[in-house]
Structure formats: structure tokens, C-alpha cells
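# Architecture and fold: a report
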Amino acid sequence: MKKNRTLESAIASIPSGAVIMVGGFGNPGTPFSLINELLRQGQTNLTLIKNDANEASHGVSRLIENGQVRKLITTHIGLNKNVIDRFNQGEIEVAFHPQGILAEKIRTAGAGSFGFLTDIGIHSEITRPDDLLDWQGKTYKVEMALRADFALIHAAQADWLGNLVYQGSAINFSPLMAMAADHVIVETPDLGAPGRFSPEQVHTPGAFVDSVVQLESLTSDYGILEHHVRR
């Protein structure tokens, strides 16, 4: 079954109040066209899950600056003064997780589990007493799995069935998020017929993908993406 959809209809399926995972590792792999359409349609009260907040006035930062985001779950926002200012002014809630922990929380959800035990951050401010568990003479922190209503993903290549191939550091979070969301929306500039990939080339199988949007062109945002990939 072909999973092709228009950009407008794919994003229109997202309601206000949704929890949305956004792929990408910095700029590489960020689905800028999907984000820009979400900005245009104006859904509000969103919770975003992303490794970072992109740079100011760029990517998910545009949604935050436009007042559409209630909460950001991330690893750092240090490269984005606009988001830092909004966080300090109480305009947005930010939940921080170490990068590996965030990835594992997402991976655990995609694997169908509810959480995992770790000793990372036990004696830091990111851990509350209620998070701790004593087992067999050792103390662990309980990390709950992290799911989302939607995942927005950029794939370098895809086929009509939703089989995806990523490029560079986009492979870090995008495959995990595609497994941990109820609805997965993918953008790609390179869409073709099934059979174009050998099985070992596929990073995300089409079974995890609901909608594929073919991009007619790439905006200037992707110039930053290509710069980072080449460098």
C-alpha cells in the first residue's frame, strides 16, 4: 500500500496538545519541511521530544518562539539563546536527560518495555528520591520509557511502502523515534518504488511508517544540513 501523502494533509492529522518526537542530531536529519508546515498550521500546546532545540529561529526553535510548544524534552539547549530566555522566563517547560539516557528511553518504548534501571545521575539534581530503587544490595535509578503520539522524521531516501534510509548522524535518533511513536510521518527528497533497497540498506522498515511526504525541493534550512554532512 502506498503511504504517500501531501505535506498539508500529513501535518493536519496532528492535533493541538500532541506529544511529538522530532528526529535529527542537531541540524542533520531534522525534518524542516514538516516543522515549517506545523508552524504554518499553528497547532498549539505541543510537547516536543528532540535531542536539541536547533539554533535560534531555526527548526523546532521556530515553533517554540511562536508559542506553540508547552514542553520540550531534550538533552541540551545551550546553542539557542532564544529558548534559554523563554525557559528562564517560565514561558516553556524543559525536561533534561543525558543524551544516552534520552536515546535509551525512546529505544525502550520502541521495544515495548516500560522502563529500565541505571546508575547514571543517581547523585545529581536530575534524580529525585522517588526515582530510586534498591535491588540486591545496590541502588538504581528507574528511567521510564518515553513514547509519543507522533514522530516527524527526515529520510535521505524512501520507497512508497515507507522503507527508509538515513544519512550521517540522522541515524542516531530517527530509527529509535520511528519505533516509539503511534504515528510516524516522514519527509524525503528521494522517493521511489519498492525494491530500490536491498534489505541490509533499510534503517527503518515500512511497518513503522504511516505517511511519506515527497519534498519537491529543499529549503535553505537544508543548506545547513548539507554543510554539516560534508564537513
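The structure displayed is predicted, hence computed values, not measured ones. Position labels on residues start from 1 in each chain and follow its written sequence. Only residues with pLDDT of 70 or above have their local features reported here, since the model is predicted, and side-chain atom pairs are shown and tallied only from 80 upward, although totals for entire chains, interfaces and linings are computed over all residues. Processing note: side-chain calculations cover all non-hydrogen atoms of the structure and skip hydrogens and water entirely.

## Observations concerning the nonpolar core
Counting 29 residues, the largest nonpolar core has Ile14, Ile20, Leu38, Leu48, Leu72 and Leu152 as the members making the most contacts within it. Numbering of helices and strands starts at the N terminus; helices are DSSP runs of H or I of at least 4 residues and strands are runs of E of at least 2. At 5 residues, the largest contribution of residues to this core is made by helix 2 (residues 32-41). If near-sequence neighbours (up to four positions away) are discounted, Leu72 is found in contact with Leu48, Ala53, Ile64, Ile77, Ile92, Glu93, Val94 and Ala95. In plain words, nonpolar cores are sets of buried Ala, Val, Leu, Ile, Met, Phe, Trp, Tyr and Cys residues tied together by side-chain atoms within 4.5 Å. Burial here depends on accessible area, computed with a 1.4 Å probe over protein chains only, as a share of the maximum for the residue type. Under 20% is buried, over 50% is exposed, and the range in between is partly exposed. The next biggest cluster of nonpolar side chains, apart from the first, holds 28 residues, and it includes Leu102, Ala170, Met177 and Val212. Note on contacts: a residue pair is in contact if any heavy atoms of the two residues lie within 4.5 Å.

## Focus on the layout of surface pockets
Each pocket or cavity is described by its volume, and for the largest pocket that value is around 390 Å³. As for the largest pocket, its lining consists of 17 residues, of which Ala95, Phe96, His97, Ile126 and Lys141 are closest to the centre. Elements with a minimum of two residues in the lining of the largest pocket: strand 3 (69-74), strand 4 (93-96) and strand 7 (138-144). For the lining of the largest pocket, the leading source of residues is strand 7, giving 4 residues. For this classification, the nonpolar set comprises Ala, Val, Leu, Ile, Met, Phe, Trp, Tyr, Cys and Pro, the charged set comprises Asp, Glu, Lys and Arg, and every other residue, Gly included, is treated as polar. For the lining of the largest pocket, a count of residues per class yields 8 nonpolar, 2 polar and 7 charged. Cavity: a set of points on a 1 Å grid over the protein atoms alone where a 1.4 Å probe fits but cannot get out. Pocket: an open set with protein on both sides within 12 Å along at least five of seven lines, its lining residues, like those of a cavity, having an atom within 4 Å of a point. Grid points are joined across faces, edges and corners, and a volume is the space filled by probe spheres set on the points.

## Things to note about the sheet that holds strand 9 (residues 157-159)
Read from one edge of the open sheet, 3 strands run 10-9-12, paired in mixed fashion. Two strands close off the open sheet at either side, each with one partner strand: strand 10 (164-165) and strand 12 (191-192). Whether two strands pair depends on DSSP finding at least two bridges between them. Here strand 9 runs beside strand 10; their pairing, made up of 2 bridges, is antiparallel. The residue of strand 10 that forms the bridge with Ala158 is Leu164.

## Here we look at the sheet that holds strand 5 (residues 115-118)
An order of 5-7-6 is seen for the 3 strands of this open sheet, with the pairing classed as antiparallel. The strands lining the two open edges of the sheet, one partner per strand, are strand 5 and strand 6 (132-135). Neighbour to neighbour, the strand axes of the sheet diverge by 40 degrees on average, direction disregarded. Bridge count between strand 6 and strand 7: 4 bridges; the pairing is antiparallel. By the bridge assignment, Leu132 is partnered in strand 7 with Lys141. Here an axis means a line fitted to C-alpha atoms, over the contact stretch when the element is a helix, while the angle between two N-to-C directions is reported on a 0 to 180 degree scale.

## With respect to the pairing of strand 5
Residues Phe116 and Thr118 line the buried face of strand 5, whereas the alternating positions Gly115 and Leu117 sit on a face that is not buried. Of the pairings in the sheet, the one linking strand 5 to strand 7 comprises 4 bridges and is antiparallel in character. Paired with Gly115 across the strands is Met144, a residue of strand 7.

## Quick notes on the pairing of strand 2 (residues 46-49)
On strand 2, burial covers both faces: Leu46 and Leu48 on one face and Thr47 and Ile49 on the other are all buried. The pairing of strand 1 (residues 19-22) with strand 2 spans 3 bridges and is parallel. By the bridge assignment for strand 2, Met21 is matched with Ile49. The pairing of strand 2 with strand 3 spans 4 bridges and is parallel. When the sheet's bridge partners are listed, Ile49 is paired in strand 3 with Ile73. Consider the strands pointing away from the viewer: the crossover is right-handed when the path from the first strand over the helix to the second runs clockwise. Crossover handedness for the path strand 2 to helix 3 (residues 60-65) to strand 3: right-handed.

## Things to note about unusual backbone geometry
Phi is positive for Asn45, close to 55 degrees, though the residue is something other than glycine. In this fold, Asn45 is placed in the loop between helix 2 and strand 2. Even without a glycine there, the phi angle at Gln136 is positive, about 50 degrees. Of note, Gln136 is situated in the loop between strand 6 and strand 7.

## Focus on the confidence of the model for the protein chain
Overall, the prediction assigns the protein chain a mean pLDDT of 93, with 97% of residues at 70 or greater. Confidence drops under a pLDDT of 50 for residues 225-231, and excluding neighbours within four residues, the segment shows 8 contacts in the predicted structure. pLDDT: the predictor's confidence for each residue, scored from 0 to 100.

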